[in-house]
Amino acid sequence: MTGRPYTHLSMSIDPGERPRIGISFYASITRARARVLESGRPYLVLESDEADVTVSTTGAGPVTAADLDIAREIFNAAARYLADCERIHAEHTQATDSAA
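Residues numbered from 1 in each chain as written. Predicted model: local features only at pLDDT ≥ 70, side-chain atom pairs only at ≥ 80, totals over all residues. Heavy atoms only, no water.

Engineer: I'm lost on the pattern of salt bridges in this one. Help?
Structural biologist: Close approach of charged atoms lets side chains of opposite charge pair. All told, the structure shown has five salt bridges when counted by the stated rule. For arginine 33, the salt bridge identified is with glutamate 47, shortest N-O distance 3.0 Å. Placement of the pair is arginine 33 in strand 3 (residues 31–36) and glutamate 47 in strand 4 (residues 42–47), with a sequence separation of 14 residues. Judged by its relative accessible area of 12%, glutamate 47 is buried. (Salt bridge = Lys/Arg side-chain N within 4 Å of Asp/Glu carboxyl O. Helix = DSSP H or I, 4+ residues; strand = E, 2+ residues; numbered from the N terminus. Buried < 20%, exposed > 50% of the residue type's maximum accessible area, 1.4 Å probe, protein only.)

Engineer: Would you take a moment to explain the layout of surface pockets for this structure?
Structural biologist: Within this model, the second largest pocket holds a volume of roughly 460 Å³. Leu44, Leu46, Ile74, Ala78 and Tyr81 are, among the 13 residues lining the second largest pocket, the residues nearest its centre. The set of elements that each furnish at least two residues to the lining of the second largest pocket consists of strand 2 (20–26), strand 4, strand 5 (52–56) and helix 1 (65–99). Take the lining of the second largest pocket: its biggest share by element is five residues, from helix 1. (1 Å grid on protein atoms, 1.4 Å probe; cavity = no way out; pocket = protein on both sides within 12 Å on 5 of 7 lines; lining within 4 Å. Points joined across faces, edges and corners; volume = space filled by probe spheres on them.)

Engineer: Whenever I open this one, the environment of serine 12 confuses me. Can you help?
Structural biologist: One can find serine 12 in strand 1 (residues 6–12). As for serine 12 and glycine 22, which are separated by 10 residues in sequence, their C-alpha atoms are 8.7 Å apart. Beyond its immediate sequence surroundings of up to four residues, serine 12 is in contact with Arg18, Pro19 and Arg20. Separated by 3.5 Å, the side chains of serine 12 and aspartate 14 make a polar contact. (Contact = heavy atoms within 4.5 Å. Polar contact = N/O pair within 3.5 Å; in protein donor to acceptor, adjacent residues only side chain to side chain.)

Engineer: Help me understand the sheet that holds strand 5 in this model?
Structural biologist: Neighbouring strands of a sheet are bound in pairs by backbone hydrogen bonds; such pairs are parallel or else antiparallel. Strand order in the open sheet formed by three strands is 3-4-5, and the pairing between neighbours is antiparallel. Each edge of the open sheet carries a strand with a single partner, namely strand 3 and strand 5. Taking the axes of each pair of neighbouring strands and ignoring which way they run, one obtains an average angle of 15° across the sheet. (Pairing = 2+ DSSP bridges. Axes fitted to C-alpha atoms, helices over the stretch in contact; angles between N-to-C directions.)

Engineer: Which parts of the structure should I look at to understand the pairing of strand 5?
Structural biologist: For a regular strand, side chains alternate in direction, first toward one face of the sheet and then toward the other. As paired elements, strand 4 and strand 5 share five bridges and run antiparallel to each other. In the strand pairing of strand 5, valine 45 is matched with threonine 54. Once strand 4 ends, the chain turns through four residues before running back antiparallel as strand 5.

Engineer: Explain the side chain of threonine 57 to me, please; I cannot follow it from the model alone.
Structural biologist: Structurally, threonine 57 is set in the loop between strand 5 and helix 1. Discounting residues that sit within four places of it in the chain, threonine 57 has contacts with Arg41, Pro42, Pro62, Val63 and Asp67.

Engineer: Explain unusual backbone geometry here, please?
Structural biologist: Leaving glycine aside, a negative phi is the common case for residues, and trans is the common case for peptide bonds. Even without being glycine, alanine 60 reaches a positive phi, approximately 55°. Position of alanine 60 relative to the elements: it lies in the loop between strand 5 and helix 1.

Below, the structure written as structure tokens:
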């Protein structure tokens, strides 16, 4: 599971369907930030050297109950990602220390 970092972008356009864009970061996220604009609209940004992904409220409007649900899903998924990264890093460090 080693290789050079990269960002993968895909786009699918099918007749009669909404276009679908996928962005996968297999590179270091250089920055993750959250802010609130002067208008009162919150947003979240994930940045790498190749791409930025911004998440904000539905239609760039006021915060809805659905926006809260999505924000909670993002928070819970990020917490799980952090826990998995910490666990795997600790396992790798322990295995490396044991081999030395």
